[in-house]
Each structure stands twice: as structure tokens, then as C-alpha cells.
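Residue-level listing of the chains:
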Amino acid sequence: MLPRTKLVIGLVVASATVATIVASHVSNGSWARFAMLLAAVLLTSGFKVILPQGEGMMSLNFPFILLAILELSPLQAILLTAGSVLVQCRIRVIKALTTVQIAFNVANAVTATAGAYATDTFLASRGMSVGPALALSAVVYFLGSTVCVALVIAWSKGESAFPLWRAQFPWYLPFYMVGAGIATAAHVLEAARGWGTSLLLIPLVYVLYRAYTAQIIRIREHKQHLEETEALHLRTIEGLAMAIEAKDRNTHDHLFRVRDYTSEIGIVFGLSKLEMQALQTASFLHDIGKLAVPEHIINKPGKLTPEEFEKMKIHPVVGADILERVRFPYPVVPIVRSHHEWWNGSGYPDGLSGTDIPIGARILSAVDSFDALTSDRPYRKGLPLREALDIVKSMSGKQFDPAVVDVLEKHFLLREQPIGEPAEHHFSPLDTEVDVWRGHAPAVGFESSNDAAEKINGAGAPGERGRDAGATGLNSLNLIAAASQEAQALFEMSQSLGNSLSLNETISVMGSRLRHLIAFQCCALYLTVGDDLMLQFVDGEGSQYFSSQPMEVGQGISGWVAQSGKPILNGNVALEPSYRGRSDQGHPLRAALSIPLLDLNKAIFGVLTLYAVQPDSFSKDHLRILQAMESKLSLSLQNALNYCRVESSAETDFLTGLPNARRLFLQLETELTRCRNTNRRMAVVVCDLNSFKEVNDRHGHLSGNMLLSAIAGRFRQSCRPCETVGRMGGDEFVFLIPDLESIDINVRMSEIARDVVSACRSVGLETQVTASLGVAMYPTQAETSEDLLALADRRMYLDKSLHTGGVNRDRPPAGSMSVQ
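For the structure given in this document, a descriptive report is provided here. Model, not experiment: these values are computed from the prediction.

Rules used in this analysis
Residues numbered from 1 in each chain as written. Predicted model: local features only at pLDDT ≥ 70, side-chain atom pairs only at ≥ 80, totals over all residues. Heavy atoms only, no water. Pairing = 2+ DSSP bridges. Helix = DSSP H or I, 4+ residues; strand = E, 2+ residues; numbered from the N terminus. Axes fitted to C-alpha atoms, helices over the stretch in contact; angles between N-to-C directions. Contact = heavy atoms within 4.5 Å. Parallel < 35°, antiparallel > 145°, perpendicular 65-115°, else oblique. Left-handed = near helix turned anticlockwise from the far one by under 90°. Nonpolar A, V, L, I, M, F, W, Y, C, P; charged D, E, K, R; others polar. Buried < 20%, exposed > 50% of the residue type's maximum accessible area, 1.4 Å probe, protein only. Arc of directions from axis to C-beta. Salt bridge = Lys/Arg side-chain N within 4 Å of Asp/Glu carboxyl O. Core = buried A, V, L, I, M, F, W, Y, C linked by side-chain atoms within 4.5 Å. Polar contact = N/O pair within 3.5 Å; in protein donor to acceptor, adjacent residues only side chain to side chain. Expected span 1.5 Å × (residues − 1). Phe/Tyr/Trp six-rings, centres within 6.5 Å; stacked < 30°, edge-to-face > 60°. Disulfide = S-S within 2.5 Å.

Looking now at the sheet that holds strand S9 (residues 682-690). The strand order S10-S11-S9-S12 describes an open sheet built from four strands, whose pairing is antiparallel. The open sheet terminates on both sides in strands that have one partner only, identified here as strand S10 (724-729) and strand S12 (770-778). Along the sheet, successive strands turn relative to each other by an average axial angle of 20 degrees, direction set aside. As paired strands, S9 and S12 are joined by nine bridges and run antiparallel to one another. Paired with Cys687 across the strands is Leu773, a residue of S12. Of the strands in this sheet, S9, S10 and strand S11 (732-738) touch helix H27 (residues 701-718), which is tilted by about 5 degrees from S11.

Contact geometry for helix H6 (residues 130-157) and helix H7 (residues 161-168): axes closest at 9 Å, N-to-C directions at 125 degrees. With respect to their mutual orientation, H6 and H7 come out oblique. Judged by the twist between their axes, the crossing of H6 over H7 is right-handed. Each of Phe142, Leu143, Thr146, Val147, Ala150, Leu151, Ile153 and Ala154 in H6 lies in contact with H7, whose residues at this interface are Ala161, Leu164 and Trp165. Across the contact of H6 with H7, the residue classes tally to ten nonpolar, one polar and no charged.

The complete set of buried residues in helix H26 (residues 692-699) reads Phe692, Val695 and Asn696. Taken end-on, H26 shows its buried residues confined to a sector of 95 degrees, consistent with a single buried face. Of the exposed residues in H26, those oriented more than 90 degrees away from the buried face are Lys693 and Asp697. Tucked inside the fold, the buried residues of H26 contact S9 and H27. Remark: Gly700 follows H26 within two positions and exhibits a positive phi of approximately 100 degrees.

Take the pattern of salt bridges next. Tallying each qualifying case throughout the model produces 17 salt bridges. For Asp688, the salt bridge identified is with Lys800, shortest N-O distance 2.7 Å. Of this pair, Asp688 sits in strand S9 while Lys800 sits in helix H29 (residues 785-804), placing them 112 residues apart in sequence. Looking at Asp688, the relative accessible area reads 8%, which means it is buried.

With that out of the way, let us pick up the pairing of strand S3 (residues 522-529). Burial of S3 is extensive: six of the eight residues sit out of reach of the surface. Connecting S3 to the antiparallel partner strand S4 (residues 532-540) that follows it, the hairpin turn spans two residues, and Gly530 within it adopts a positive phi of roughly 65 degrees.

By size, the foremost hydrophobic cluster in this structure holds 53 residues, and its most contacted members are Leu37, Leu66, Tyr141, Phe169 and Tyr176. Mapped onto this core, the elements with two or more residues apiece are helix H1 (3-24), helix H2 (31-44), helix H3 (62-71), helix H4 (74-88), helix H5 (99-125), H6, H7 and helix H8 (173-193). Leaving out residues up to four positions away in the same chain, Tyr141 has contacts with Phe62, Ile65, Thr81, Ala109, Ala112, Thr113, Ala116 and Tyr176. Phe284, Leu364, Val367 and Val404 belong to the second largest nonpolar core, which has 40 residues in total.

With that settled, consider the sheet that holds strand S5 (residues 551-552). Spatially, the six strands line up as an open sheet ordered S5-S4-S3-S8-S7-S6, and their pairing is antiparallel. Across the chains shown, the open sheet's two edge strands, defined by having one partner strand only, are S5 and strand S6 (568-572). Sitting on the sheet, helix H21 (residues 503-514) is in contact with S3, S4 and strand S8 (604-612), with an inclination near 60 degrees to S4. Sheet strands in contact with helix H22 (residues 556-564) are S3, S4, S5, S6, strand S7 (591-598) and S8, and its direction is about 145 degrees off that of S8.

So, on to the environment of Asp799. Looking at the secondary structure, you find Asp799 in helix H29. C-alpha of Asp799 to C-alpha of Gly774: the two residues are 25 residues apart in sequence and 7.0 Å apart in space. At a separation of 2.8 Å, a polar atom in the side chain of Asp799 contacts the main-chain amide nitrogen of Leu773.

End to end, helix H16 (residues 359-374) covers 23 Å across 16 residues, agreeing with the expected 22 Å (1.5 Å per residue, within 8%). Most of H16 sits out of view: 14 of its 16 residues are buried.

Per the counting criterion, the structure on display carries seven aromatic pairs. Ring plane angle 80 degrees and centroid distance 5.2 Å describe the contact between Trp31 and Phe34, whose orientation is recorded as edge-to-face. Of the two residues, Trp31 and Phe34 both sit in helix H2, three residues apart, roughly one turn of that helix. On the basis of relative accessible area, Phe34 is assigned to the buried category, the value being 10%. Within the aromatic cluster, the residues linked to one another by ring pairs are Phe546, Tyr579 and Tyr611.

Here we take up the state of the cysteines. Scanning the model with the defined rule gives zero disulfides in all. With no disulfide of its own, Cys523 lies 7.2 Å from the sulfur of Cys522, the closest cysteine sulfur. On the accessibility criterion, Cys523 (2% relative accessible area) is buried.

Given below as C-alpha cells:
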């Protein structure tokens, strides 16, 4: 423990001792009340909540300590605080505390209590009311109890105190302010009902504890989900990085070596946590852009031509573009884009120089080049460690950062471990030379497979079928071209699917991209809804013969796939319950290729089925391609589905089910556009409830919510099909009433007023709730949405002033109501 840390602890203990001695000379309050509050404090000491940020915990017995400051003597408040802290040091602690830690915690809390007590006494003597005075006292308690703790923790870790305090402790302040409000309410209740009523705080604190704990658990589960999604993205990109190995046989070990050694150099340079994460990720993914470089260029056993080098130079840009779409929470993209920049500015793609090049890219550039020199390549053998290091040193200040080269030399020569040795990695190199002889197609669903399609159309490219392969055997050039086409098409689909969150657009893009790989006439997407399978989307030839009626899981081709989780190849479309086509209707669909779609928990959420006119149209290669894209398709579809759900909930008021303010504004703009195009009139009516606050005060917020729901139900029933009613917030509703030519607005407003009174009676409330109404007319009184709402709102408040002033509290008859 540092001397300054000991000094702080000593000063805190001394201050607490002095405060206790001074407090002992003040006359004490009721010891019975002290005993009651002490029991409450001890009972609630275990109610500890985890703060939203960090691992700090706080007990919810703080309102009782503030109540003691209001109602007990200084000594009693100090004793209550000391007892609370002692109990907290023994209940639900992660690690047992030492005697010094316990003494410091108790003394720190006692000092903070004394300061808060003095603050409250001073403010009360100046005539400040109980609530504000106690709130300021709570702030003093917060500062007194956190500042010294931050000093001790920071100095023990060798850190600066203020940044640590700012990062971890401001989250405590809202709890203290809420505690002050609860303590003030309990104090007022005691003054009216007797001091024993403060025990009612215990169930209230327990309810708050349970509710907050549940919310924090949900927040942390959401955070864990985000982390898992980020890990899924990384694994997806790692899968793409492994695909490079099929083109560049030297990439596999190279990627892992570079990642391992750049991490070590990053530690030497003292990079931050985010910079280290970015460097490690970029070291593994820096060559992902080589997917866009033809294989014959990458593996060429000789020097590249200028044209070939121009093609090779695109890989940092392509790699950065791929990773940009992943949206990593740390700067991976600049490192990948700049890892071929030179220190003197003659590199590519942007010509950066010196420190304008990201530090991660400078480290990666030196290590990447060093490892390339020590590794065997198609155009040369690997160099010895010393010779490779000499070449890197000769480029110091030209191609590489001199500081990075110095660390590279010292670090690896001291270890005497050649960087060219294979590093430990998570998976083995890809084996693309394996032959699998065993295994047969599943009995269910694999009626037959088009052998000609397998031989000639292995990549699923349309238009290949019909060539005479039987006489000449397999054409290796055709297979190579088909494989290249497949890889390119899969890559383009992977990029395209994440560009839209619209469900229909995502499915449409998916269908158009799949047609480059698989020949089919119709594409259908089914989603599971309970025990049923719903046709969500269908497109292509014969789509008009599909029914949107739900079918049970297990029925037909798609239903069987949803139930079993297994694919079907060349299934009989006539067995599909949703398909109503007949053989005499043009070109009926005859073959189906269907796969299940899985969510992140490996549960089936839908089925993708492709249909073709010719029997046995699909091959095993088609099934393989579709299954290879399943995870990306499923993720994109789930993202689109989640977006649709969120978009729907974002436009609906959760309590009443009516459109919320956001939806109302959009609908108002739509109605205004329609009225302008058709030269028709419309009205905007603002409705505000009178005496609604009295309902909440007398009957509680639950009754208020029931009343709002009942009123919303009445409004919804009385609206014409062309009308829209929504909840703006609180107890305010807005009606959009078009086609005024067919309705009397005075009669309509009387109906609205009667709906409010009728709803109030239906829920059995004694309080009479009425409506204040204001109306604005388009186009005679206002022409824009903002002006219409503002005018109707002003007129509503004019109407409300008549109610609150006691003038004509009942809505006038329809015939005497003037349009405002």
C-alpha cells in the first residue's frame, strides 16, 4: 500500500472518529424509532443491485439512512450507517474483506453521513423545504462516499483518480436521488400517519430491488447477444478467410503466424484494448481481399506483369470494403486498407506516409513482409531468418516504420524463434483432395438426381444442360470455369444480402442471385407460426397457383422439411398443399428443392423451397450450394424479420394499441397529400382528457391505464374506415377526419365527447372525466401538418380553460357547437 493511500485511509478514519465524538454531545432522538430503522436497514442490507456499468454493487437500504438523517440525532444516524456497512461487508461479497478494508468502509460511510447530516441541518435552518434539502444532502453523501473510495482504488492500481471516478461512480447518483425522494415521501407519510408507517418502505424497496434486478439481467442478456452476434460475424469472416486457402496454399499458416506476432509487438507498443482487438482481427483478415484476385495471379510461379500487379493491388481495397460491412466496434478497416502503404508514401492504395499510416497497419506491414520472406512461395524459396531480417532493416525508413523494425529485430532475435515456423492455430488446413466413396442419398425426398446436371452443370449455372458430356467425359476446363463462377456468385450474394432490411427486397435479391447458380422457375419462403407453416413470399412462374392458407407442419414437401429439419431433393410438387396448379394449366411445376432455415439457436424458423417445371431438375450440387448459403440466407432473413417487428412496434402505442405520434405524423402527411390531389377537405381534432390526473391520484395509475385503454377502444369503434385516431402521449389523442363532405364535424366531436364519458362509466370510476376538444380544418384554416396540429392544440386549450374555469363543463349539444 502506497504512503498516500495510507494517508487517505488514516484521514478518513480520523474524520469519522471526530464526527462520532462531536455527534455524541448532541441530544439523542427516540431510541425506539432508531431500533425500528436499524431493523429495516439490516433487513434490506442484502438488497444489492449491480450497476449498469462495471461490476460495482449498491445496497437499496439507502432511503432508511436518509430517513435517519431527517428524524434521528447525529449519533443515531452515524450508528445506523455503521451497522448497515458492517452487515453489507459480510453479505453477498465476492471476496472476504480485510479488517483495514472494513474499517475504511465504515469510516468512509460515517464521514459521508456526518456531512449529509450537517448539510440537511444547515439547509433546514435557512428555511429550505424537506425534499430539496434532503436531495442536496444525498448529493453530499454521494460525493463523500465515492471520492475517497476512488482515490484509494486508483492509487492502489497506479491510475489517475478522476478518470476512474468519472467512469465508475456517477452511476450511483441516480440511486441516491431516488432514495432521497423515497425518504422524503416516507417522512411526510409518518407526519400524517405516525412514525411506524416507515416500515412500509421495506416492501417498496423489495419491489424496486426485484424489478431493477430483472431489468439488469435483461440488459446483460442483450449485451451477451450482441457479443455473440459479433463473434458470429468474426467466424463468418474467418470462414471467408479460409476460402483464400483454396486459391493461395501459403495463406493458412501465414495468417495465424502474422496474427500471433503482431499481437506481441502491439503489446510492446502499448496499444489500447480496442487497438489490440483491431490489430489481431486485421492480422487474421488482412488478405481477405484476395478473394477478388484470380487464382492464376496469386499462385503464379514467377514475376507478375504490370497488368497482373494492378489486379493484385486491389486486394487491400476489396478487403476493407468487405470488412466495412461487418461494422466491427474497433478500427479494423483502416489497418486492412493501409497494410501495403509505405513509410515514404510510395505504397498503395492511398499513398499515405509516416504517421498518417495507422500504427496497426505499420506493425502489420513489417510483420507480414518479414513472414513472407521467410516462407516458401510459388515464385521462390523461403529465406533464412537473418537474411530476411536484413532485407527488412534495409527498407527501414522507406517501406517500414523504423520504430517497428527496431522492435521486430530485438523481439524476435532475443526469442531466437524463426517467424517462419508454423504457429498454433484453431483449425487444420483445408483438405481439398479428399474423395468420399461411402454414403447414399436419404430415403425420404431424394426421388432421383439428374446425373447429367451433376456432370455438366456442377455449379448450377443455367443454360449448361443439354451438352453432350457422355462421349467426351468430364471436361476439366468446364468444371474449373463452373467452380470459379460458383465462388464469384456466392461472394456477390454474400455482399448483396446484407444491403437491405426489407423482407421482400431481401427475398427478391436472394432469388435473383440464386438463379445465377441454380435453374428454377419459382421460389417460395415459408415461415413457422406455432404449429403451422405460412407462405410468406412466392415469386416466379406458377406463383399464382399458390395459396396463402396456413398448412400444418409435417404436411407436404415444405411441411415435412420444417418438421424433420432435413432437405428434400426433387420432391413431387403435387404433394404441396399450398400448390393448386394442375397438369392442364400451361407448364405445371413438377420438381422441388427444399431446405430448412435455422436461427442462431439452431431452431427451424422457416423453409426455402425452389420449384422447377421439369421433373428431376435439381442435382446434388444444387442442394450443396443451397445448404452452403443457408446460414447467410437465414441470418439475412432473420435480420429482415426482426426489423419488420421492430418497425411495427415502433409505430404503435403499447398501452392502447393505437398509432403513436410517429405513425400519426406519417399518416397526416399521407392524408394531406391525398386531399391536395383530390381537392377535398379534412379536419384534425385534438382531444385532451379533463380530470384524468384526479383519476391517477385517487384510484392509481393502473386504473388510469384501464381508462385510457377503454377510451381508445371506444374511439376505435366509433371511427369510420377512412378516419385515423392515435395517442400523442399522456391523455392526449388526435383524430384525422378526411372527407368532411360526408360528415358534420360538430356531430363527430359530440360523439368523441360522449365516447369519453361512456368509457369512464364502463370502468366504474367515480371521477367524471370529460374531453376538451380543438379542431383545425384543411385547407381553409391551415395547410401544413405542423400548422394544423398547432391550431387544433390551441383551440383545445381554449376549450379546456372553459372546463377548468367552471364554465359549461358539459359538452354543448351538437347543434350549438361551433367549428373552431
